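Architecture at a glance
As a plain string of letters, each chain reads:
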Amino acid sequence: MGGLTRALAARAVQALLVALVVGIACFAMVRLLPGDMAFRIAAGRYGIDLVSGAAADAVRVELGLDRPWWQQLGAWLGGLIRFDLGVSLVSGDPVVDELKTYLGHTILLAVVALGISVLVGPPLGAWLGARAGSAADRAGLVASAVLRALPAFVVGIGLILVFAVGLGWLPAAGVGGWQEVVLPAVTLALGLAAVSSRVARDAVAAALHAEPAEFARRKGLPEGAVRRRHVWRNAAVPVVAYLGVQLVALIEGVVIVETLFAWPGIGHALVHAVVARDVPMVQGTALVMGLLFVALNALVDLLTLLIDPRRRSAA
Amino acid sequence: MTAARIGWALLAAIAAFGILGPLLAGDPLRQDLSATLQGPGAVHPLGTDQFGRDMLARLTHATRLSLGFAAVAAVAAAVPGIALGLIAAWRGGIVERALVSLADAVMALPGLLLVVLFAAFAPGEFLPLYLGLSLALWVEYFRLTRGVAASLLARPAVEAARLFGFGPWHVLRHHLLPELAPMLVTLLAFSAAAAVTAISALAFVGIGLRPPTPEWGSMMTELLPYHAEAPLQVLLPGLLLALTVLGLQLVAGARR
């Protein structure tokens, strides 16, 4: 198997695990919530005044709630794999339809945030790594440590207070033009860049004095060519690999930041579904959030293979 | 080394604030609607919130709550993680493969999503938050313990001890724990930082602990609409949270 096939196969397994974990959690949630589920569903259909024991029994047989729990779990997970996610208990619309509108917003936010963090973090880190030990380098270390200690919602509130309330340059919430995406994306990007700039800084500082770079200098290559050919590319490998680790922070941040900025994405919908105890929506949003995490990871895998030829043929 | 000292000093100061503060400060729930959103003064050193509750009292109680939560959550993740890691390395075979698969299943999802799923069972309660965090964080301990234990068990000294008939407890106490201890400090600090951040973030978005419980995240949510009148009150809980996480990260990072 080549490196590419292996990486994609591992991500496919991860996607199945996501469905399994989310499915089992939501299955348990439905059954552990107090009250008779068949009665609750019947009350939702016919109205709380019109529901009778007979109606609840009919629902019980129709939905297979009288079968043993392991058969129900099998049917539940089977539906999940076929992307049959049921109907939102709040809006009454199919969960899949709602997810389609949310997903676009979340992907936009995640991609803009990743883009900003990649444009800011690694170049800044590389610049600092080339002058490791200088005053600028030490200031960068302190700034990164402080930024990493600040949770996303605290950073977001700070940005809102300064740029939306204080200066009035950008809207504090909502969705529409490009202005609305700036503050939530910058909130996420700052946290990501605080880490990726340090990874890039360490990688560049190490690659500058690694054997390939030293050898190239000894044979008389000008410093610019040494950096282009032997420093940047070698330093890029750990930076991209660490991007995979950062995706956890990105997805977790999306849930919080979307809620803070009222950005109508999957994370915002997940929080609302939890508050409303809308289990089909909790399941659908958590599933899509998990699958987005897997897809972004697969993208990072591909990027790693692209810049590091050694991995492509690795046994 | 200095970074770790700063970290410990920060944590000690915050812990003193959280442990001693509640004994000295007043009732964090007592409202005084005639004195809302006041600035710092003689009666209320850090001012009051939108219900006239004393900010200092609320902050000390919130600090105690978060520190206690972080300590319990970190230990609740460490104990099963270490135990299962040791079992996996000691038994090998199908037990090890089953546990590794379980760890992979947990790692498939970002940790906070797991905690959110658990919080959905019973919003506003502690137990699902503990269970969710414990389930999300044990994997790190499991992987570290299993890796270290597997390499140690292959050492001649440990093989000799096992051949002499020393049981798992002897190997654990005399060979494994001394090796693991320094790395565990790092992991404990990291998972405490993750727990502190998670509980505040979830309370902030409204699916964790709920008002009127004094908690950093929910205090910020409650006070955010009053940012113009009381900017200090909005920022103080976030500042305490950030200082706690910074202290934990400095303690953890210096050990690496």
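These numbers come from a predicted model, not from an experiment. (Residues numbered from 1 in each chain as written. Chains lettered and ligands numbered in written order. Predicted model: local features only at pLDDT ≥ 70, side-chain atom pairs only at ≥ 80, totals over all residues. Heavy atoms only, no water.)

So, on to the overall build of chain B. On a plain count of helices and strands, chain B comes out with nine helices and zero strands. Over its C-alpha atoms, taken along the principal directions, chain B stretches across nearly 75 × 40 × 25 Å. Long-range contacts, defined as pairs at least 24 residues apart, comprise 70% of the intrachain contacts of chain B with a sequence gap of at least 6. Roughly 11400 Å² of accessible area belongs to chain B as shown, and the carbon and sulfur atoms make up 68% of that amount. (Helix = DSSP H or I, 4+ residues; strand = E, 2+ residues; numbered from the N terminus. Contact = heavy atoms within 4.5 Å. Areas by Shrake-Rupley, 256 points an atom, 1.4 Å probe, with all protein chains shown as cover.)

On to unusual backbone geometry. All names here are of chain A. Unlike most non-glycine residues, alanine 262 shows phi in positive territory, near 50°. Relative to the helices and strands, alanine 262 resides in the loop between α10 (223-260) and α11 (266-276). Classification of alanine 262 as partly exposed rests on a relative accessible area of 35%. (Buried < 20%, exposed > 50% of the residue type's maximum accessible area, 1.4 Å probe, protein only.)

Turning to the interface of chain B and chain A, a few remarks are in order. Where the parts come together, the accessible area they lose is often given as the size of the interface. Each side of the interface is counted separately: chain B has 35 residues, and chain A has 39 residues. Summed over both partners, the interface of chain B with chain A comes to about 3000 Å²; 86% of that surface belongs to carbon and sulfur atoms. Counting across the interface, chain B meets chain A through zero salt bridges. For the interface between chain B and chain A, the tally reads three residue pairs in polar contact (both at pLDDT 80 or more). Listed by contribution, the elements that provide at least two residues to the side of chain B that touches chain A are α3 (93-107), α4 (111-119), α7 (168-205), α8 (216-223) and α9 (231-255) of chain B. No other element matches α9 of chain B, which puts eight residues into the side of chain B that touches chain A. When its residues are assigned to classes, the side of chain B that touches chain A shows 26 nonpolar, eight polar and one charged. (Buried area = accessible area lost by both parts, 1.4 Å probe. Salt bridge = Lys/Arg side-chain N within 4 Å of Asp/Glu carboxyl O. Polar contact = N/O pair within 3.5 Å; in protein donor to acceptor, adjacent residues only side chain to side chain. Nonpolar A, V, L, I, M, F, W, Y, C, P; charged D, E, K, R; others polar.)

All names here are of chain B. Considering the arrangement of structural elements, one finds serine 134 in helix α5 (residues 126-153). Looking at serine 134, the relative accessible area reads 15%, which means it is buried. Polar side-chain contacts of serine 134 include one of 2.9 Å to the backbone oxygen of alanine 76. Filtering out sequence-adjacent residues up to four positions away, serine 134 remains in contact with Ala76, Ala77 and Pro80.

Let us look at the pattern of salt bridges. Per the counting criterion, the structure on display carries eight salt bridges over all chains. Of the charged contacts, one joins arginine 201 of chain A and aspartate 202 of chain A as a salt bridge, the two residues approaching to 2.8 Å between their closest N and O atoms. For arginine 201 of chain A, a relative accessible area of 15% gives the class buried. The salt bridge partner of arginine 53 of chain B is glutamate 222 of chain B, with a shortest N-O separation of 3.4 Å. One end of the pair, arginine 53 of chain B, is in the loop between α1 (2-24) and α2 (55-91); the other, glutamate 222 of chain B, is in helix α8, with 169 residues separating them in the sequence. On the accessibility criterion, arginine 53 of chain B (2% relative accessible area) is buried. Classification of glutamate 222 of chain B by relative accessible area gives buried; the value is 17%. Here the salt bridges share partners, and the residues they tie into one network are Asp137, Arg198, Arg201 and Asp202 of chain A.

Once that is clear, we can look at the packing of helix α8 (residues 179-208) of chain A against α10 of chain A. Residue and element names in this part refer to chain A. Look at α8 against α10: their axes get within 7 Å of each other, and the N-to-C directions meet at 150°. Relative to α10, the crossing made by α8 is right-handed. Its residues assigned to classes, the contact of α8 with α10 shows 19 nonpolar, five polar and two charged. (Axes fitted to C-alpha atoms, helices over the stretch in contact; angles between N-to-C directions. Left-handed = near helix turned anticlockwise from the far one by under 90°.)

In this model, chain B carries an average pLDDT of 83, and 98% of its residues clear a pLDDT of 70 or more. For this predicted complex, the interface confidence comes out at an ipTM of 0.79, alongside a pTM of 0.82. (pLDDT = per-residue confidence, 0-100.)

With that settled, the discussion passes to empty space enclosed by the protein. The final tally for this structure, using the stated rule, is one cavity of 30 Å³ or more. As a volume, the largest cavity reaches approximately 30 Å³. Breaking the lining of the largest cavity down by element, the ones donating at least two residues are α10 of chain A together with α4 of chain B. A class-by-class count of the residues in the lining of the largest cavity yields six nonpolar, no polar and one charged. (1 Å grid on protein atoms, 1.4 Å probe; cavity = no way out; pocket = protein on both sides within 12 Å on 5 of 7 lines; lining within 4 Å. Points joined across faces, edges and corners; volume = space filled by probe spheres on them.)

Turning our attention to the packing of α5 of chain B against α7 of chain B. All names here are of chain B. It is at 9 Å that the axes of α5 and α7 come closest, and there the two elements cross at 155°. Relative to α7, α5 is oriented roughly antiparallel. Crossing of α5 over α7 shows right-handed handedness. Looking at the contact of α5 with α7 residue by residue, the class counts come to 21 nonpolar, three polar and two charged. (Parallel < 35°, antiparallel > 145°, perpendicular 65-115°, else oblique.)

By convention here, two paired aromatic rings are described through the distance between centres and the angle between planes. Across all of its chains, the model carries five aromatic pairs over all chains by this definition. In textbook terms, an aromatic cluster arises when at least three aromatic residues are bridged by ring pairs, as seen for Phe69, Phe126 and Tyr130 of chain B. When the ring centre of tryptophan 127 of chain A is taken as reference, the NZ or CZ atom of arginine 131 of chain A above it lies at 4.2 Å. (Phe/Tyr/Trp six-rings, centres within 6.5 Å; stacked < 30°, edge-to-face > 60°. Lys NZ or Arg CZ within 6 Å of the ring centre and 35° of its normal.)

The α-helix advances 3.6 residues per turn, and as a result positions three or four apart in sequence lie on the same side. All names here are of chain A. Its 15 residues place the ends of helix α7 (residues 152-166) 20 Å apart at the C-alpha level, agreeing with the 21 Å of an ideal helix rising 1.5 Å per residue. In the structure, α7 departs most strongly from a straight axis at isoleucine 160, where the bend amounts to approximately 30°. Within the span of α7, buried status applies to Phe153, Val154, Val155, Gly156, Ile157, Leu159, Ile160 and Ala164. Taken from the residues just after α7, glycine 168 is the one with a positive phi, measuring 70°. (Expected span 1.5 Å × (residues − 1). Bend = angle between axes of the 7 residues up to and from the residue.)

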